[in-house]
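In case you want the letters, here they are:
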Amino acid sequence: MRRPIQSVTPTTGTAEVIGWVHEVRDLGGLAFFLLRDRTGIIQVTIVKKKASEAVLAAAKAVSRESVVRVTGTVKAIDKAPGGRELVPETFEILSMSESPMPLDVVEKVPADLDTRLDSRFLDARRPRVTAVFQVRSAAMHAINNYFENNGFINITTPKIVAAATEGGTELFPIAYFDREAFLNQSPQLYKQMMMAAGFEKVFEIGPIFRAEEHNTTKHLNEATSIDIEVSFADHHEVMRILEDLIVHTYRHVKDSCTDQLANLEIADFEVPRAPFPRLPYAEAIAIAQKKIEDPIKYGDDISSAAERAIGADMGGHYFIVDWPTEIRPYYAMPYENDPSICKAFDLMHPRMELSSGAARVHQHDLLVQQIKKKGLNPGSFEFYLRPFRYGMPPHAGWGLGAERLVMTMLNLSNVREAVLFPRDMHRLVP
RNA sequence: GCCCAGGUAGUGUAGUGGCCUAUCAUGAUUGCCUGUCACGCAAUCGACUCGGAUUCGAAUUCCGACCUGGGCGCCA
């Protein structure tokens, strides 16, 4: 029976392990092989005078990063990593690795991100890369659990659509039989339609596609969006859900990923404390005006430089609330007493935006009016507008970028580090 | 899309007109080595993105293409 390497202790007795040959140190009469699986590393020690012919032959033939099965007795020994080593009775090569390798798994020599992504399967053998995706997995698990435990219905909506969700962003056109279709930029319209269906609380975690030619460390052309929509809720309520979810997710990662965080050399993993400050847009602009060179004024989008300046001031997660209606999508609900601002918000990490959401317009006529104001044609949104004529409840929701959440949580320098196979302007393979 | 910086062995780098038969590390191959843990020692192998131009001479200068990184813009 194969054992995970981590489970082999000084008192294990005999063990079978299967893993990749991480390093080889041949001292002459004595040779050390480090074997790695996703749980850890164990030293296999061969005393050449005592080992069988078959073990010696396999050990001589094997190359680094080959897959081998080793059975033998476990010896407690202080000098070995983990306080134990395996003395092989059998040493079998299951799959030889070619050499040279496209990159150095052991990380004696660094590799550029581009080189790493070209050989992502090898890159991901590195413990610190594995750790990122184990943390991502744990975070997504926590998020799914949170929704399931709080009465949300998990929905799946189409990624092939006929028209843009919001205007503005560029879409990827695709051939749909004899028609043109697009990859969806957001589940926004569909999750809103499920409010009219009476689902009350829905969530969807799925891919979104944007054909923007952006070339930055925080944008992807294919990303994972965590979306919710809640009936009879306003923006305050969904902000509370969002901050609660963030705290819950951080706490789960902190509790369940101690080894991974150690691998990533994150010693001071802090769970943020809710409630997060609510910073009105107007005040955010005022902070930015004081701190950055570039002119920024009320009514502008918040630039990256402004984001960072305000983030430095706030020091942790925070919301920017009460945005000018003009710079938010048509479905954001304007305040009744001052329609020039709306019930929209962004959740910010000091480094960047993580999420945006709003209380939505649920009145058909107001929605049509707002669509027109944005210079869009209500005719192309007919499928979306119809539900608003037959009893659409008031509702609110948000979308949260999964990759940015992982990126900021682990302080990764590039969002591509949080995606196995990133899609950007230059990368379509692998 | 714009601006800046780059493209040299499998990987990461040094080299800004001749001293380059191109540096260093890692790697691979071979040999030696019984406690390594970035093992050590010795030998060997392996590279100037492509096309054009300038020049007696180009990895190095110029032009073009392609590719990469960072910043901005666009975008949530």
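### Section: the nonpolar core
So, step 1. Ranked by size, the top nonpolar core spans 76 residues in total, and within it Phe147, Trp398 and Leu410 carry the most contacts.
So, step 2. Of all the elements, helix α4 (residues 127–149) adds the most residues to this core, at eleven residues.
So, step 3. Setting aside its immediate chain neighbours within four residues, Leu410 contacts Val132, Val135, Leu261, Leu264 and Ile266.

### Looking at the layout of surface pockets
So, step 1. The calculated volume of the second largest pocket comes to roughly 460 Å³.
So, step 2. For the lining of the second largest pocket, the elements supplying multiple residues, two or more each, are β2 (30–37), β3 (40–47), α4 and α7 (258–263).
So, step 3. Counting residues per element, the lining of the second largest pocket draws most heavily on α4, which supplies four residues.
So, step 4. The residue makeup of the lining of the second largest pocket, split by class, is five nonpolar, seven polar and six charged.
So, step 5. Residues from two domains meet in the lining of the second largest pocket; each of domain 1 (5–95) and domain 2 (122–276 + 316–418) gives at least three.

### Digging into the packing of aromatic side chains
So, step 1. If you walk through the whole model with that rule in mind, you get 16 aromatic pairs.
So, step 2. Here the aromatic rings of Phe147 and Trp398 are separated by 6.4 Å at their centres, their planes lie at 40°, and the arrangement is tilted. A residue pair is termed long-range when its members are at least 10 positions apart, and Phe147 in helix α4 and Trp398 in strand β16 (residues 395–401) qualify at 251 residues. Grouping residues by exposure puts Phe147 and Trp398 together as buried.
So, step 3. Judged by centre distance (5.7 Å) and plane angle (85°), the ring pair of Phe319 and Phe345 falls under edge-to-face. Remark: Phe345 occurs in strand β14 (residues 341–349) and Phe319 occurs in strand β13 (residues 318–324); sequence separation between them is 26 residues.
So, step 4. For Phe319, a relative accessible area of 0% translates into the label buried.
So, step 5. Judged by relative accessible area, Phe345 falls into the buried class, the value being 0%.
So, step 6. Through a chain of ring-to-ring contacts, three or more aromatic side chains come together here, namely Tyr146, Phe147, Phe152, Phe203 and Trp398.

### Structural notes on helix α1 (residues 53–61)
So, step 1. Within the sequence span of α1, burial applies to Val55, Ala58 and Ala59. In a view along the axis of α1, the buried residues occupy a sector of 100°, so they form one face of it. Along α1, the residues that are exposed and aim more than 90 degrees away from the buried face are Glu53 and Lys60.
So, step 2. Close packing links the buried residues of α1 with β2, β3 and β5 (84–95).

### Remarks on the sheet that holds strand β7 (residues 160–161)
So, step 1. In spatial order, the strands read β7-β9-β8; together these three strands make up an open sheet with antiparallel pairing. Of all the strands in the sheet, just β7 and β8 (173–176) have a single pairing partner and so form its edges.
So, step 2. One ladder, built from four bridges, connects β8 with strand β9 (residues 179–183); its direction is antiparallel. Of the residues in β9, the one forming a bridge with Ala175 is Glu180.

### Some details on the domain arrangement of chain A
So, step 1. Taken domain by domain, chain A consists of domain 1 (5–95) and domain 2 (122–276 + 316–418).
So, step 2. Taken over C-alpha atoms, the centre of domain 1 sits 47 Å from the centre of domain 2.

### A short note on the protein's contact with RNA strand B
So, step 1. Near RNA strand B there are 50 residues, and of these Arg25, Asp26, Arg210, Asp346 and Glu353 occur at the shortest range.
So, step 2. Here RNA strand B approaches the protein such that, of its atoms within 4 Å, sugar and phosphate make up 57%.
So, step 3. Contact distances for RNA strand B include 2.7 Å between a phosphate oxygen and a backbone N or O atom of Gly29.
So, step 4. Between a phosphate oxygen of RNA strand B and a main-chain N or O atom of Asp112, the distance comes to 3.0 Å.
So, step 5. At the level of elements, β1 (14–26), β2, β3, α2 (113–118), α9 (304–314) and β15 (352–359) are the ones that each hand at least two residues to the surface near RNA strand B.
So, step 6. In terms of residue count, β1 provides more of the surface near RNA strand B than any other element does, three residues in total.

### Re the side chain of His22
So, step 1. Structurally, His22 is set in strand β1.
So, step 2. Among the polar contacts listed, one links the side chain of His22 to the side chain of Arg36, at a separation of 2.8 Å.
So, step 3. Setting aside chain neighbours within four positions, we find His22 in contact with Leu34, Arg36, Ile41, Arg64, Glu65 and Val106.

How each quantity is defined
- Residues numbered from 1 in each chain as written.
- Chains lettered and ligands numbered in written order.
- Predicted model: local features only at pLDDT ≥ 70, side-chain atom pairs only at ≥ 80, totals over all residues.
- Heavy atoms only, no water.
- Core = buried A, V, L, I, M, F, W, Y, C linked by side-chain atoms within 4.5 Å.
- Buried < 20%, exposed > 50% of the residue type's maximum accessible area, 1.4 Å probe, protein only.
- Helix = DSSP H or I, 4+ residues; strand = E, 2+ residues; numbered from the N terminus.
- Contact = heavy atoms within 4.5 Å.
- 1 Å grid on protein atoms, 1.4 Å probe; cavity = no way out; pocket = protein on both sides within 12 Å on 5 of 7 lines; lining within 4 Å.
- Points joined across faces, edges and corners; volume = space filled by probe spheres on them.
- Nonpolar A, V, L, I, M, F, W, Y, C, P; charged D, E, K, R; others polar.
- Domains from an automatic or database assignment.
- Phe/Tyr/Trp six-rings, centres within 6.5 Å; stacked < 30°, edge-to-face > 60°.
- Arc of directions from axis to C-beta.
- Pairing = 2+ DSSP bridges.
- Near = heavy atom within 4 Å.
- Polar contact = N/O pair within 3.5 Å; in protein donor to acceptor, adjacent residues only side chain to side chain.

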